[in-house]
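Reading the structure
Okay, here's what each chain looks like letter by letter:
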Amino acid sequence: MIDDEKSLESERKVLLYECFSGISGDMHLGALIDVGVPESHLRDELDKLQLSSEFDLQVKKAKKQGISGTYVNVALTSTKSSPHRRLKDIEEIYQRSSLSDSTLQRCLKMFTNLAEVEAKVHNVSVQEIHFHEVGAVDAIVDITAAAIGLEYLNPDVIQGTPVELGSGWVKCAHGLMPVPAPATAELLVDVPTQRDGVKGEATTPTGATILKSNVQSWSSPYPVEMKKVGYGIGYKDFERPNVLRLSLGTISESVQIESNRLIECNVDDMSPEAFEPLFDRLFEKGAKDVFISPITMKRSRLGTKVSVLCDITQEKSLINCLFENSSTIGVRISSVEKQMLAREIKKAHTRYGDVQVKVSRLPDGSFRWKSEHRDVAKIAEQQKIPYIRVKDEIDQDIAADFDSVKKSIQWLN
């Protein structure tokens, strides 16, 4: 019998963030409503915070440079100044609420991420951190509404595109701060960002923690078919439309499309023995693939081209790795698109025990599979049986068993 390590459906729901003018809590809330979260549902769920006497949720249709969307403002109704809350105080607010466990967990994840970043920026413990702007009622509403909206939409995958941060200076509780604010910059480490696209703060700490805590990938491995688009309208005016775009769609997993960076260099003065440890270091640093090709260089010198495929977030560390672990003094970088068959690792029960099998689905719905070399080699060594014989017998067992169970595997039908 073949066991699924992970079931694979033919289509999944995806939510895409496009933050070309940044993101704030209010913009995010407006975009959630515009893309399909009912305003009445948000209001009913926010009432469970037991803070409704302190704020008024103002929602209206609006436009920015011809783009129509939803504008939301969390207006404070209390005349008292907001307290400087600690993480413990915010946790108590949530504990008193009647929000669902999944919503609470999402809220706490966002505030915890924010607390850890603030603690790092100010060099104090998480317990000592006082939230200022982000501890006020409007920020609590923004983060809670984000969790409510995401739970309502319930996407299988949340993706994002590069985030605009802005430029200049912003006034906050500690005085003037550079854009992006320190907390925003720290939250978006390893996230693809853009700067100087607009004058002013484009992405706030609240917006950054929403992205940090919920976006799962910053490039789409699959073709996305969009079903609905929503816009959250910002209150600032920029040269470009100050809107946040959220799109709901589906992804088909028969073919995966992935955007990568290709780093290459030519070497002709390195011992062949040095390539194996170089491969090891590159894979340790996050390379998706590493391969070498024989080439003829200038003056007819024989050389080797080293090619490294990686995600954009790993580019810098892998370039440094090449400089440190090879004799190259320069690299070339290009963007490439990779198309791959959807694949899953299954577990097959054979006469020699469990063996991993890589199963791929072709666009026409048919499939191919291959037994894992390392498992076969290990069995051959342990049993003192020739590899070729073990491979043939294991493949026979997999083929016979796979035919009997393939109808029960959802994604192959």
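Residues numbered from 1 in each chain as written. Predicted model: local features only at pLDDT ≥ 70, side-chain atom pairs only at ≥ 80, totals over all residues. Heavy atoms only, no water.

**As for the overall build of the protein chain**
Definition in use: Helix and strand labels come from DSSP, where a helix needs a run of H or I of at least four residues and a strand needs a run of E of at least two; each type is numbered from the N terminus. Burial here depends on accessible area, computed with a 1.4 Å probe over protein chains only, as a share of the maximum for the residue type. Under 20% is buried, over 50% is exposed, and the range in between is partly exposed. With residues, only the protein chains shown are counted as cover, and all accessible areas are computed by Shrake-Rupley using a 1.4 Å probe.
Scanning the protein chain from terminus to terminus reveals 11 helices and 19 strands. Within the protein chain, the proportion of its 413 residues that are buried is 46%. For the protein chain, the exposed surface amounts to about 20,900 Å²; the carbon and sulfur share of it is 48%.

**Focus on helix α7 (residues 205-214)**
Across the 10 residues that make up α7, a large majority, nine, are buried. Of all the positions in α7, only Pro205, Thr206, Gly207, Ala208, Thr209, Ile210, Leu211, Ser213 and Asn214 are classed as buried.

**Structural notes on the layout of surface pockets**
Remark: the empty space left among the atoms is shown by a probe the size of a water molecule rolled over them. We apply this condition: Cavities and pockets were defined on a 1 Å grid built from protein atoms only: a cavity is a group of points that admits a 1.4 Å probe but offers it no way out, a pocket is an open group of points flanked by protein on both sides within 12 Å along at least five of seven lines, and a lining residue is one with an atom within 4 Å of any such point. Grid points are joined across faces, edges and corners, and a volume is the space filled by probe spheres set on the points. Charged residues are taken to be Asp, Glu, Lys and Arg, nonpolar residues to be Ala, Val, Leu, Ile, Met, Phe, Trp, Tyr, Cys and Pro, and polar residues to be all remaining types, Gly included.
Within this model, the second largest pocket holds a volume of roughly 290 Å³. Lys288, Asp289, Lys338, Arg343, Lys358 and Arg374 are the residues that line the second largest pocket. Classifying every residue of the lining of the second largest pocket by side-chain character gives no nonpolar, no polar and six charged.

**Examining the nonpolar core**
For clarity, the threshold we go by: Residues enter a nonpolar core if they are buried and are Ala, Val, Leu, Ile, Met, Phe, Trp, Tyr or Cys, with the set joined through side-chain atoms within 4.5 Å. Should any heavy atoms of two residues lie within 4.5 Å, those residues are counted as being in contact.
Counting residues in hydrophobic clusters, the biggest one holds 55 residues, and the most contacted among them are Tyr17, Leu46, Leu49, Phe55, Tyr94 and Ile140. With 10 residues, helix α5 (residues 137-153) is the largest single contributor of residues to this core. Those residues in contact with Leu46 that sit more than four places away from it in its chain are Phe55, Leu57, Val141, Thr144, Ala145 and Ile148. Of all hydrophobic cores here, the second largest spans 16 residues; its members include Val306, Val308, Ile319 and Cys321.

**Section: helix α9 (residues 315-325)**
Selection rule: Each C-beta atom gives one direction from the helix axis, and the arc is the one those directions make.
Taken together, the buried positions of α9 are occupied by Glu315, Leu318, Ile319, Cys321 and Leu322. Burial along α9 is one-sided: seen end-on, the buried residues are contained in an arc of 155°. Among the exposed residues of α9, those oriented more than 90 degrees off its buried face are Lys316 and Glu324.

**A closer look at the confidence of the model for the protein chain**
Applied cut-off: Each residue carries a pLDDT score, the predictor's confidence in it, ranging from 0 to 100.
Scored by pLDDT, the protein chain has a mean of 87; 88% of the residues are at 70 or more. Within the protein chain, strand β1 (residues 2-4) has the poorest average pLDDT of any element, 45, and helix α1 (residues 25-35) the best, 98. Across residues 1-9, confidence stays below pLDDT 50; counting only partners more than four residues off in sequence or on other chains, it has 28 contacts. In this model, residues 407-413 is a region of pLDDT below 50 whose contacts with residues beyond four sequence positions or in other chains number 20 contacts.

**Quick notes on the packing of aromatic side chains**
Using the following cut-off: Pairing of aromatic rings covers Phe, Tyr and Trp, the last through its six-membered ring, and needs centres within 6.5 Å; plane angles under 30 degrees mean stacked, over 60 mean edge-to-face, and all others mean tilted.
Counted under the stated rule, the structure contains one aromatic pair. Look at Tyr94 and Phe111: their rings are 6.3 Å apart centre to centre, the planes differ by 55°, and that puts the pair in the tilted class. Within this pair, whereas Tyr94 is found in helix α3 (residues 87-96), its partner Phe111 is found in helix α4 (residues 101-122), the two being separated by 17 residues in sequence. With respect to burial, Tyr94 and Phe111 carry one shared label: buried.

**Details of unusual backbone geometry**
Following Val179, the chain continues to Pro180 via a peptide bond in cis, the omega torsion being 0°. Along the chain, Pro180 turns up in the loop between β9 (175-178) and α6 (182-187). In the Ramachandran plot, Asp190 falls in the positive-phi region, its phi being about 75° despite a non-glycine side chain. Structurally, the position occupied by Asp190 is in the loop between α6 and β10 (193-194). For Asp190, a relative accessible area of 58% translates into the label exposed. One non-glycine residue, Ser300, lies in positive phi territory at about 60°.

**So, the pairing of strand β17 (residues 332-350)**
Note the following rule: DSSP-based pairing: two strands are paired if at least 2 bridges between them are found.
In terms of strand pairing, β17 meets strand β18 (residues 353-361) through nine bridges, oriented antiparallel. Counted as the bridge partner of Ala348 is Val355 from β18. Hairpin connection from β17 to β18: two residues lie between these consecutive antiparallel strands.

**A closer look at the pattern of salt bridges**
Operational definition: The rule for a salt bridge is simple: a side-chain nitrogen of Lys or Arg has to be within 4 Å of a carboxyl oxygen of Asp or Glu.
In the structure shown here, the tally under the stated rule is 19 salt bridges. Between Asp237 and Lys64 there is a salt bridge, with the nearest N and O atoms lying 2.4 Å from each other. You can see Asp237 sitting in the loop between β12 (224-233) and β13 (243-252) and its partner Lys64 sitting in strand β3 (residues 55-64), a full 173 residues away along the chain. A salt bridge links Lys391 to Asp395, with the nearest nitrogen and oxygen atoms 3.6 Å apart. Linking Lys391 with Asp395, this pair stays in helix α11 (residues 387-405), spanning four residues, or about one helical turn. Each of Arg351, Arg389, Glu393 and Asp397 takes part in salt bridges that share partners, so that together they form one network.

**Re the packing of helix α2 (residues 39-46) against α5**
Just so we agree on the cut-off: Every angle, taken between N-to-C directions, lies between 0 and 180 degrees, and every axis is a line fitted to C-alpha atoms, over only the stretch in contact when it is a helix. Every angle not falling under 35 degrees, over 145, or within 65 to 115 is termed oblique; those three ranges are roughly parallel, roughly antiparallel and roughly perpendicular. For any helix crossing, the convention is left-handed if the near helix is rotated counterclockwise from the far helix by under a right angle, and right-handed if that rotation is clockwise.
Relative to each other, α2 and α5 sit at 125°, their axes nearing to 10 Å. Judged by the angle between their axes, α2 and α5 are oblique. With respect to the hand of their crossing, α2 and α5 are arranged in right-handed fashion. Taken together, the residues of α5 that come into contact with α2 (itself represented by His41, Leu42, Glu45 and Leu46) are Val141, Thr144, Ala145, Ile148, Gly149 and Tyr152.

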